[in-house]
Amino acid sequence: MTSGRTRFIIGFLAIPVTLYLVYVIAPYGQAFYIALTDWRGVSASPRFVGLDNFARLAGDRVFLKALWHNALLLVLLPSVTVSLALVIAFLTQRHRFYRVVFFFPQVLSVVVVAVLFQQVFRPDASGMLNAPLVALGLEPIGFLSDTSVAFWAVLGVLIWQAVGFYVVLFTAGMASIPAEVVEAAEMDGASRARIFFRITLPLLRDTVQTGWVYLGITAMDAFAIVWVMTAERGGPDSSTTVIAAEVYRNAFEYFKFGYASAMGVVLFFFTIGFSALTLRLSRRERIEF
């Protein structure tokens, strides 16, 4: 019986595991190998350069800027988005209409969102944010042309685009909390704020952890918003660029596939390290009812 069961499991998993190895694991291995070469996309036998590409990254000003921006997004995007989504979900959990309104950005393509906010941030009277300033006789703000403002404009768009999904996610998590627990707290005179911090938030810990990891992975990418919305596709003066944008630029504009792959490898380990650290630090005993 055991032998037959083992053969059945192996036979059942053989095809999906093979497909996963060929189409997921093998490309990763290929990317790691290309990162150790000077391949420019045309040579059949690229020259092996070892860790030279990674050594160049350490002195690449643009890449270090992109790495810093990804690190900032890694901290700020999950923190702000999760905090906003939790508060909004708690305040609107009995109002379905508001959840639909907040979820609306999720139905828009990321490229559409980027083009939309290009118009919102226009640096003249036709921009939705600058129009009131111009009408009041004030100087318009260069949301996407000022190096001190552009990154924060990108962060704002990423939060706006993401928060609705997590409002719905956290609302679903709150709906699974037994009503008796909340009612008991209310009978004891607990305020809504106390119920949120002492009951709702602890019982949503697993859901928040999942959302945090997903948002961290989003922060490691942010390619489409930056590439479509910003000046110079990561500008001005690389003030909004991220690692994914530099990978694309070096691979498909400069044809430095080996160097771009080295950036991709750094991004891979950065993302894996963040996910593993988050899951490790937030590990705890599961609460069951």
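Here's a quick rundown of the structure.

The rules behind the values
Residues numbered from 1 in each chain as written. Predicted model: local features only at pLDDT ≥ 70, side-chain atom pairs only at ≥ 80, totals over all residues. Heavy atoms only, no water. Core = buried A, V, L, I, M, F, W, Y, C linked by side-chain atoms within 4.5 Å. Buried < 20%, exposed > 50% of the residue type's maximum accessible area, 1.4 Å probe, protein only. Helix = DSSP H or I, 4+ residues; strand = E, 2+ residues; numbered from the N terminus. Salt bridge = Lys/Arg side-chain N within 4 Å of Asp/Glu carboxyl O.

### Digging into the nonpolar core
Next up, step 1: Within the largest apolar cluster, 41 residues are counted, with the highest numbers of intra-cluster contacts made by Leu73, Leu86, Phe121, Phe170, Ile225 and Met229.
Next up, step 2: Put simply, the parts of the chain that give this core at least two residues each are helix H3 (61-91), helix H5 (110-120), helix H7 (150-175), helix H10 (205-221) and helix H11 (223-229).
Next up, step 3: Here the element with the most residues in this core is H7; it accounts for 13 residues.
Next up, step 4: Within the second largest apolar cluster, 13 residues are counted, among which are Ala35, Ala262, Val265 and Phe274.

### Thoughts on the pattern of salt bridges
Next up, step 1: Under the counting rule described, the total for this entry stands at six salt bridges.
Next up, step 2: One salt bridge connects Glu253 with Arg233, and the closest N-O pair in it is separated by 3.3 Å. Of the two residues, Glu253 is situated in the loop between helix H12 (243-252) and helix H13 (257-281) and Arg233 in the loop between H11 and H12; the sequence distance between them amounts to 20 residues.
Next up, step 3: Take Glu253: its relative accessible area is 34%, and that puts it in the partly exposed class.
Next up, step 4: Close ionic contact of Arg249 with Glu246 constitutes a salt bridge, the shortest N to O distance being 3.1 Å. With Arg249 and Glu246 both in helix H12 and three residues apart, this pair spans about one turn of that helix.
Next up, step 5: Judged by its relative accessible area of 4%, Glu246 is buried.

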